[in-house]
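# Summary of the model geometry
Here is what each chain is made of, one letter per residue.
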Amino acid sequence: MDVVITLDELRQARKKLLEPVGLVPTMGFLHDGHLSLVRQARLDCASVVVSIYVNPTQFGPREDLSKYPRNLQRDLDMLTTAGVALVWIPTNEVMYPADFQTWVNVEKVSKPLEGALRPGHFRGVATVVAKLFNAVQPQKSYFGQKDAQQARVIRQMAQDLNFPIEIVICPTKREPDGLAMSSRNVYLSPEERQAATALSRALFQAKTAWEAGVHDSEQLRKLVQELITAEPLVKVQYVSCADPDTLKEQEGQVDRALLSLAVMIGKTRLIDNIII
Ligand code: AMP
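This text gives an overview of the structure that appears in the document. (Residues numbered from 1 in each chain as written. Predicted model: local features only at pLDDT ≥ 70, side-chain atom pairs only at ≥ 80, totals over all residues. Heavy atoms only, no water.)

## What to know about the packing of aromatic side chains
The geometry of two aromatic rings is summed up by the distance between their centres and the angle between their planes. Using the following cut-off: In this scheme Phe, Tyr and Trp rings, the latter by its six-membered ring, pair at centre separations within 6.5 Å, and the angle between planes marks the pair as stacked below 30 degrees, edge-to-face above 60, and tilted otherwise. The buried label goes to any residue with under 20% of its type's maximum accessible area, the exposed label to any with over 50%, and the partly exposed label to all in between, with areas taken from a 1.4 Å probe on protein chains only. Only DSSP runs of H or I reaching four residues or more are called helices, and only runs of E reaching two or more are called strands; each is numbered from the N terminus. Any Lys NZ or Arg CZ that is within 6 Å of a ring centre and within 35 degrees of that ring's normal is treated as a charge sitting over the ring.
Per the counting criterion, the structure on display carries seven aromatic pairs. On the basis of an interplanar angle of 80° and a centroid distance of 5.9 Å, the ring pair of Phe59 and Tyr68 is categorised as edge-to-face. Exposure class is identical for Phe59 and Tyr68. Each is buried. Between Phe133 and Phe143, the aromatic rings sit 6.4 Å apart at their centres with planes inclined by 70°, giving edge-to-face as the arrangement. With Phe133 in helix α6 (residues 121–136) and Phe143 in strand β5 (residues 140–144), the pair connects residues that are 10 residues apart, well separated along the chain. With respect to class, Phe133 is no different from Phe143; both count as buried. Linked through ring pairs, Tyr53, Tyr96, Phe100 and Trp103 together constitute an aromatic cluster. Positioned above the aromatic ring of Tyr187 is the side chain of Lys67, whose terminal nitrogen or guanidinium carbon lies 4.2 Å from the ring centre.

## A look at the site of the ligand
Note the cut-off: Definition of nearness: a residue and a molecule or strand are near each other if at least one heavy atom of the residue lies within 4 Å of the molecule or strand. Any pair of N or O atoms that falls within 3.5 Å is considered a polar contact. Within protein, one atom must be able to donate a hydrogen and the other to accept it, and sequence-neighbouring residues count only if both atoms are side-chain atoms. Surface accessibility in these figures is a Shrake-Rupley result with a 1.4 Å probe; residues are shielded only by whichever protein chains are displayed. Three classes are used: nonpolar for Ala, Val, Leu, Ile, Met, Phe, Trp, Tyr, Cys and Pro, charged for Asp, Glu, Lys and Arg, and polar for all others, with Gly counted as polar.
Taken together, 17 residues lie around the ligand, and Met27, His34, Asp147, Lys173 and Met181 are the ones closest in. Contact between the ligand and Met27: an oxygen atom at 2.9 Å from a main-chain N or O atom of the residue. If the ligand stood free it would expose 480 Å²; the protein chains cover 93% of that surface. Those elements that provide at least two residues to the shell around the ligand are β2 (21–26), α2 (32–44) and β5. Looking at side-chain class alone, the shell around the ligand contains seven nonpolar, seven polar and three charged residues.

## Notes on empty space enclosed by the protein
This is how the line gets drawn: A pocket here means an open set of points on a 1 Å grid, computed over the protein atoms alone, that has protein on both sides within 12 Å along at least five of seven lines. A cavity is instead a set of points where a 1.4 Å probe fits but cannot get out; residues with an atom within 4 Å of a point line either one. Grid points are joined across faces, edges and corners, and a volume is the space filled by probe spheres set on the points.
Summed over the entire model, instances satisfying the criterion amount to one cavity of 30 Å³ or more. Volume-wise, the largest cavity comes out at about 40 Å³. Around the largest cavity sit Lys146, Leu179, Ala180, Ser182, Asn185, Leu199, Leu270, Ile271 and Asp272, which together line it. Broken down by element, the lining of the largest cavity gets its largest block of residues, three residues, from strand β9 (residues 268–275).

## Concerning the pairing of β9
Side-chain direction in a regular strand flips from residue to residue, so the side chains alternate between the two faces of the sheet. Keep this limit in mind: Any two strands with at least two DSSP bridges between them are considered paired.
Within β9, seven of the eight residues are buried, leaving the element largely enclosed by the surrounding structure. Here strand β8 (residues 258–265) pairs with β9 via eight bridges, running antiparallel. The residue of β9 that forms the bridge with Val263 is Leu270. Here β8 hands over to β9 after two residues, with Gly266 in that stretch at a positive phi of 60°.

Listed below in structure tokens is the structure:
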């Protein structure tokens with residue numbers, strides 16, 4: 001497995017890879033959710049490239065950039081075992097040299113949900129992913145349904161900017177008790193970790209209700225909201241029943257939806273979603 005830092009090193013190593021190439025962008029502190037993307041990429045592609053970069057431009061001023069968990073050696077061991085061909089670990093100087101001044105702004109689908117609570121977040125995400133795409137030039141790139149709006153934003157960007165890259169969205173990997181795997185789960189105390197099971201429980205109960213005929217968007221939002229607020233450690237930021245394509249909040253009866261939520265548990269912000 002090649003591990004490179006600079007753009008020149010990346011380009012040299014990229015030339016040696018067998019085609020097609022699959023890219024899995026990550027912020028490191030890897031877990032089985034990330035590895036499930038790598039496994040899918042290994043099935044589809046001759047070579048897999050993983051980027052590890054905690055992108056400062058997608059963090060707000062009061063977010064967890066400086067304390068975002070890192071363990072590069074463990075990540076590299078996991079990626080070696082997973083059969084990855086090339087790992088790119090750009091530094092901030094590589095990604096954003098001093099005179100950097102070009103940004104990618106995906107308009108409509110960046111606005112609601114995460115975009116409303118994290119201004120500038122998707123501008124940072126879209127910009128860094130566009131740079132990863134241009135640098136690595138993969139045929140396919142893999143993203144998790146866990147970050148549903150991010151996947152939607154990237155898909156739109158790839159289409160609008162003519163990236164010749166297939167965007168593959170992989171299912172959310174969960175812990176045995178349902179909690180969606182996330183690098184941020186390590187922030188949780190044992191009590192908070194227990195409380196965090198309320199998120200997926202609420203979403204799956206809403207899915208059960210939906211399957212039993214509850215198709216009213218307001219009722220679905222209310223059900224999820226009530227189930228989560230029953231857990232005192234969890235503070236709801238939003239519960240949404242949105243159109244999976246436009247991400248606009250739905251009214252009345254729905255025939256499909258992205259049910260999503262964001263909460264704070266102590267100082268930790270968690271998101272989760274399901275498609276119904
Ligand atoms: P991150 O390192 O959190 O930026 O995540 C890198 C990629 O892994 C993104 O495409 C995420 O959506 C995806 N991902 C993170 N957690 C999970 C999970 N539990 N299941 C599937 N994909 C995930």
